[in-house]
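Residues per chain, in single letters:
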Amino acid sequence: MTTEISDLDLKEAGAQLAAESARFASFGWMRGTSGNLSLVVGRDPLRLAVTASGHDKGELTPADVVLVDGNGAAVRGGKPSAEAELHARVAALTGAGAVVHVHTVASVAMGRREPGGIIFKDVEMLKGVGQPAHDVEVTLPVIANSQDMKVLGDRLEAARDPRMPAVVVAGHGLYVWGADARQTRHHTEVVEWLLELELTQR
């Protein structure tokens, strides 16, 4: 059964994304017009509401969102983020209901220091991504950047660890996902905290 996405559905998703964007922007994680967020609004076929390209993420309105298909192509609205295709790939691959991409200093710095992946262990905050706080090692994958979203998606698919709902794109930033916008926000804040801890310790 095909899901129809109404203008109201899209506006409600836009309001959610605007609120999440404002929160991340207030942390300095989406400087200038950087970063992008998405929310899955339909599964059959896959449809995502994605933040529009070129907007200050601290000033988004519910209208600053584009409906895209499973390939990241605009179905309704203006111009989506250039990375909409990767958001759609992550949603299809992981079953995520939301995806966040932020440009943080810690993710870029740690990606350069640990290009083979960033290992976390024996820290309580790992519970925030559903992992035990002790006696396990969890790796946050680091993948090489590309302007080709299919190439980047292939790298993410090959490298991702099901225990860690995130990857670092080298020289670029952090992609994080979760079941919905709230869980994805929590995952993003937890993973960034872990990255900042590693950066501070080293």
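It should be noted that the structure appears before, not after, this text.
Residues numbered from 1 in each chain as written. Predicted model: local features only at pLDDT ≥ 70, side-chain atom pairs only at ≥ 80, totals over all residues. Heavy atoms only, no water.

Enquirer: Talk me through the packing of helix α2 (residues 84-94) against helix α4 (residues 149-159); I want residue IDs and the actual numbers.
Expert: Axis separation between α2 and α4 bottoms out at 9 Å; the angle between their running directions is 30°. By the criterion of interaxial angle, the relationship of α2 to α4 is roughly parallel. Regarding α2 and α4, the two cross each other, and that crossing is right-handed. Along its contact with α2, which presents Glu85, Leu86, Arg89, Val90 and Leu93, the element α4 presents Met149, Lys150, Leu152, Gly153, Asp154, Leu156 and Glu157. The class makeup of the residues in the contact of α2 with α4 is six nonpolar, one polar and five charged. (Axes fitted to C-alpha atoms, helices over the stretch in contact; angles between N-to-C directions. Helix = DSSP H or I, 4+ residues; strand = E, 2+ residues; numbered from the N terminus. Parallel < 35°, antiparallel > 145°, perpendicular 65-115°, else oblique. Left-handed = near helix turned anticlockwise from the far one by under 90°. Contact = heavy atoms within 4.5 Å. Nonpolar A, V, L, I, M, F, W, Y, C, P; charged D, E, K, R; others polar.)

Enquirer: If you had to explain the packing of aromatic side chains to someone new, which residues and values would you point to?
Expert: On inspection of all chains with the given rule, the structure shows two aromatic pairs. For the pair Phe24 and Trp29, a centre-to-centre distance of 5.9 Å together with 15° between the ring planes defines the contact as stacked. Take Phe24 and Trp29: they sit in the same class, and that class is buried. By way of ring pairs, the aromatic residues Phe24, Phe27 and Trp29 are connected into one cluster. (Phe/Tyr/Trp six-rings, centres within 6.5 Å; stacked < 30°, edge-to-face > 60°. Buried < 20%, exposed > 50% of the residue type's maximum accessible area, 1.4 Å probe, protein only.)

Enquirer: Would you mind going over unusual backbone geometry in detail, with residue names and values included?
Expert: Each neighbour pair has its own omega, and for Asp44 with Pro45 the value is 0°, a cis peptide bond. Here Pro45 shows up in the loop between β1 (36-43) and β2 (46-51). Backbone geometry at Asp122 places phi at a positive 55°, although glycine is not the residue there. Tracing the backbone shows Asp122 in the loop between β6 (118-121) and β7 (137-140). One non-glycine residue, Asp135, lies in positive phi territory at about 65°. When its relative accessible area of 76% is taken as the criterion, Asp135 is described as exposed.

Enquirer: With reference to specific residues and values, describe the sheet that holds β1.
Expert: On the basis of which strands lie adjacent, the open sheet formed by eight strands has the order β4-β3-β2-β1-β5-β10-β9-β8 and mixed pairing. Of all strands in the sheet, those bounded by a partner on one side alone are β4 (74-76) and β8 (142-143). Pairing of β2 with strand β3 (residues 65-68), which is carried by four bridges, proceeds in the antiparallel orientation. Bridging across to β3, Val50 finds its partner in Val66. With respect to the sheet, helix α1 (residues 7-26) is in contact with β1, β2, β3, β4 and β5 (98-102), its orientation differing from that of β1 by roughly 150°. (Pairing = 2+ DSSP bridges.)

Enquirer: How would you summarise the pattern of salt bridges if you had to cite specific residues and measurements?
Expert: Across all of its chains, the model carries nine salt bridges by this definition. In this structure, the salt-bridge partner of Lys121 is Glu137, at a minimum N-O distance of 3.4 Å. Placement of the pair is Lys121 in strand β6 and Glu137 in strand β7, with a sequence separation of 16 residues. Among the ionic pairs, Lys127 bridges to Glu124, the shortest N-O distance being 2.6 Å. By relative accessible area, which is 51% here, Lys127 ends up exposed. Each of Arg89, Lys150, Asp154 and Glu157 takes part in salt bridges that share partners, so that together they form one network. (Salt bridge = Lys/Arg side-chain N within 4 Å of Asp/Glu carboxyl O.)

Enquirer: Any chance you could break down the packing of helix α3 (residues 105-113) against helix α5 (residues 181-201) for me, citing the residues and the numbers?
Expert: For the pair α3 and α5, interaxial distance at closest approach is 9 Å and the crossing angle is 55°. Compared by their axis directions, α3 and α5 come out oblique. The handedness of the crossing between α3 and α5 comes out as left-handed. Note on element contacts: α5 touches α3 through Glu192, Leu195, Glu196, Glu198 and Leu199, opposite Ala106, Ser107, Ala109, Met110 and Arg113. Within the contact of α3 with α5, the residues separate by chemical class into five nonpolar, one polar and four charged.

Enquirer: Before we move on, can you summarise the pairing of β6 with the specific residues and values?
Expert: Along β6, the buried face is formed by Ile118 and Phe120; none of Ile119 and Lys121, which line the opposite face, is buried. The pairing of β6 with β7 spans four bridges and is classified as antiparallel. When the bridges of β7 are listed, Lys121 appears paired with Glu137.

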